[in-house]
Number of protein chains: 2
Amino acid sequence: MPKGSVSLTRSIHPGQRMADAWLDAIHWNPDGLVPVIAQEVGTGVVLMLAWMNPESLRLTRDSGYAVYWSRSRGRLWRKGEESGHQQRVRAIRLDCDADVILIEVEQQGGIACHTGRHHCFFRQLDANGNWGEIAPVLKDPAAIYHQPSQTHE
Amino acid sequence: MPKGSVSLTRSIHPGQRMADAWLDAIHWNPDGLVPVIAQEVGTGVVLMLAWMNPESLRLTRDSGYAVYWSRSRGRLWRKGEESGHQQRVRAIRLDCDADVILIEVEQQGGIACHTGRHHCFFRQLDANGNWGEIAPVLKDPAAIYHQPSQTHE
């Protein structure tokens, strides 16, 4: 998946968006989306879960960098477009029911979460039924974003 | 999360299902569900993604074993109820947007997938745009289930 590569179908049908077989194999939900788990290569840390539509998954494959679909903003979300914390994609995997994707990524900057943490799953249920925090803030969100209060999507 | 433990709210309001604060913290989707990633303790392997409703998540916490909500069957799905491949839950984590759960589990039998594989993400996109298989079948599904063609949910 070299950056800037051009898909075969695009050259066959210039200017036309094709439905590739590999995309057709995926069972998209009624909103045309699929949940995508991003797991860090090497550490195995589950960084986050976000959503993709066919276009964002195609762009992810073609560019080699994770491109999600922002449900709240209703547009493509090139991960790291504001933070610089891009995700270099090393593998794209599909589950048995073809309705969940897992991507293996290298997390640039070591921060996947908009809260400035390594990963998003930093709250853990304790014995008293409280969500405690188990991962530190590595960088102040105010230093990452212009608008620190924004969410992932 | 000892097996058979009784929640505090249950003793306060016998016979009544309470909305616990820790469940209220979760942003359930319009169907009242949340996606749940199951990750294997020790190996870090992402085994599967399934869904929970508040009841199944409460049962998961109270029993210490993963209980999902089967969307296709429209009922609680006690993981391993047919296969014996239960998931002992060691931690329950919540993401930054409070709309994705990650559970750390010990996978009994070493098989999480209904196809008889260790995990569900056994298809990987290759350079030719094909989904290739990267994980072996460890046990014939026909030997696991009476009806081998069933899906996860």
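Preceding this section is the structure that the text describes.
Report on the accompanying structure.

Calculation notes
Residues numbered from 1 in each chain as written. Chains lettered and ligands numbered in written order. Predicted model: local features only at pLDDT ≥ 70, side-chain atom pairs only at ≥ 80, totals over all residues. Heavy atoms only, no water. Salt bridge = Lys/Arg side-chain N within 4 Å of Asp/Glu carboxyl O. Helix = DSSP H or I, 4+ residues; strand = E, 2+ residues; numbered from the N terminus. Buried < 20%, exposed > 50% of the residue type's maximum accessible area, 1.4 Å probe, protein only. Pairing = 2+ DSSP bridges. Axes fitted to C-alpha atoms, helices over the stretch in contact; angles between N-to-C directions. Phe/Tyr/Trp six-rings, centres within 6.5 Å; stacked < 30°, edge-to-face > 60°. Lys NZ or Arg CZ within 6 Å of the ring centre and 35° of its normal. Least-squares fit on C-alpha atoms with pLDDT ≥ 70 in both. Contact = heavy atoms within 4.5 Å. Buried area = accessible area lost by both parts, 1.4 Å probe. Polar contact = N/O pair within 3.5 Å; in protein donor to acceptor, adjacent residues only side chain to side chain.

With that settled, the discussion passes to the pattern of salt bridges. When the charged atoms of two side chains lie near each other, side chains of opposite charge can form a pair. Using the criterion set out here, one finds 18 salt bridges over all chains in the structure. Put simply, Arg71 of chain B and Asp99 of chain A hold a salt bridge, and the shortest N to O gap is 3.7 Å. Separated into two different chains, Arg71 of chain B in the loop between strand 3 (67–70) and strand 4 (75–78) and Asp99 of chain A in the loop between strand 5 (87–94) and strand 6 (101–107) make up a pair that spans both. A relative accessible area of 40% places Arg71 of chain B in the partly exposed class. Here Glu82 of chain B and Arg73 of chain B are joined by a salt bridge, their closest N and O atoms 3.4 Å apart. For Arg73 of chain B, a relative accessible area of 30% puts it in the partly exposed group. A single salt-bridge network, built from bridges that share partners, covers Arg73, Arg75, Glu81 and Glu82 of chain A.

The strands making up a sheet associate through hydrogen bonds between their backbones, and the pairing can be parallel or antiparallel. Judged by pairing direction, the sheet is mixed, and its six strands sit side by side in the order 2(A)-1(A)-6(A)-5(A)-7(B)-8(B) without closing on themselves. Every other strand in the sheet has two partners, leaving strand 2 (46–52) of chain A together with strand 8 (131–133) of chain B as the edge strands with one partner each. Pairs of neighbouring strands in the sheet enclose a mean axial angle of 35°, with direction left out of account.

What follows concerns the packing of aromatic side chains. Across all of its chains, the model carries four aromatic pairs over all chains by this definition. Between Tyr68 of chain B and Trp77 of chain B, the aromatic rings sit 5.2 Å apart at their centres with planes inclined by 40°, giving tilted as the arrangement. Assigned by exposure class, Tyr68 of chain B and Trp77 of chain B land together as buried. Residue placement shows Arg88 of chain A over the ring face of Tyr65 of chain A; its charged tip is 5.0 Å from the ring centre. In this structure, Arg117 of chain B is placed above the aromatic ring of Phe122 of chain B, and the distance from its NZ or CZ to the ring centre is 3.7 Å.

Expressed as a screw operation, the relation of chain A to chain B combines 0.0 Å of axial shift with a rotation of 180°, fitting to an RMSD of 0.0 Å. What the superposition gives is, in effect, a two-fold axis relating one chain to the other. Of the C-alpha atoms belonging to chain A, the one lying closest to the rotation axis is found on Gly44 of chain A, 2.7 Å away. Of the residues that chain A buries at the interface, 100% are likewise interface residues in chain B, meaning the two copies contact each other through the same surface.

All names here are of chain B. Judged by how many residues are buried, helix 3 (residues 54–63) sits mostly within the fold: seven of 10 residues are covered. Restricting attention to buried positions, one finds in helix 3 the residues Ser56, Leu57, Arg58, Thr60, Arg61, Asp62 and Ser63. Phi turns positive one or two residues past the end of helix 3, at Gly64, with a value near 80°.

A common way to report how large an interface is uses the accessible area buried once the components associate. Contact residues are listed per partner, giving 40 residues for chain A and 40 residues for chain B. Both sides of the chain A and chain B interface together cover about 3,200 Å² of buried area, and 64% of this is carbon and sulfur. On the surface where chain A and chain B come into contact, there are 16 residue pairs in polar contact (both at pLDDT 80 or more). Breaking the side of chain A that touches chain B down by element, the ones donating at least two residues are strand 1 (34–40), strand 2, strand 5, strand 6 and strand 7 (123–125) of chain A. Sorting elements by how many residues they give to the side of chain A that touches chain B places strand 5 of chain A first, with four residues. Where strand 5 of chain A meets strand 7 (residues 123–125) of chain B, two bridges bridge the pair, whose relative direction is antiparallel. By the bridge assignment, Arg93 of chain A is partnered in strand 7 of chain B with Gln124 of chain B.

This next bit is on the environment of His114 of chain A. Residue and element names in this part refer to chain A. For His114, the location among the structural elements is in the loop between strand 6 and strand 7. A residue is classified by how much of its surface remains accessible, and His114, at 10% relative accessible area, is buried. In this structure, the C-alpha to C-alpha distance between His114 and Arg58, residues 56 residues apart in sequence, is 24 Å.

What follows concerns the side chain of Arg117 of chain A. All names here are of chain A. Positionally, Arg117 belongs in the loop between strand 6 and strand 7. Residue class for Arg117 comes out buried when judged on its relative accessible area of 7%. Contacts of Arg117, omitting those with residues within four sequence positions, involve Ile111, Ala112, Phe122, Glu133, Ala135, Pro136, Val137 and Leu138.

What follows is about the pairing of strand 5 (residues 87–94) of chain B. All names here are of chain B. Burial analysis of strand 5 places seven of its eight residues in the buried class, which makes it a mostly covered element. Here seven bridges tie strand 5 to strand 6 (residues 101–107), and the two strands are oriented antiparallel to one another. The residue bridging Ile92 from the neighbouring strand is Ile103, located in strand 6. Linkage of strand 5 to strand 6, two consecutive antiparallel strands, is achieved through a turn of six residues, within which Ala98 is found at a positive phi near 60°.

Let us look at the pairing of strand 4 (residues 75–78) of chain A. Across four bridges, strand 3 (residues 67–70) of chain A lies against strand 4 of chain A in antiparallel orientation. The partner of Val67 of chain A across the bridge, within strand 4 of chain A, is Arg78 of chain A.

No statement about biological role is implied by the geometric values presented.
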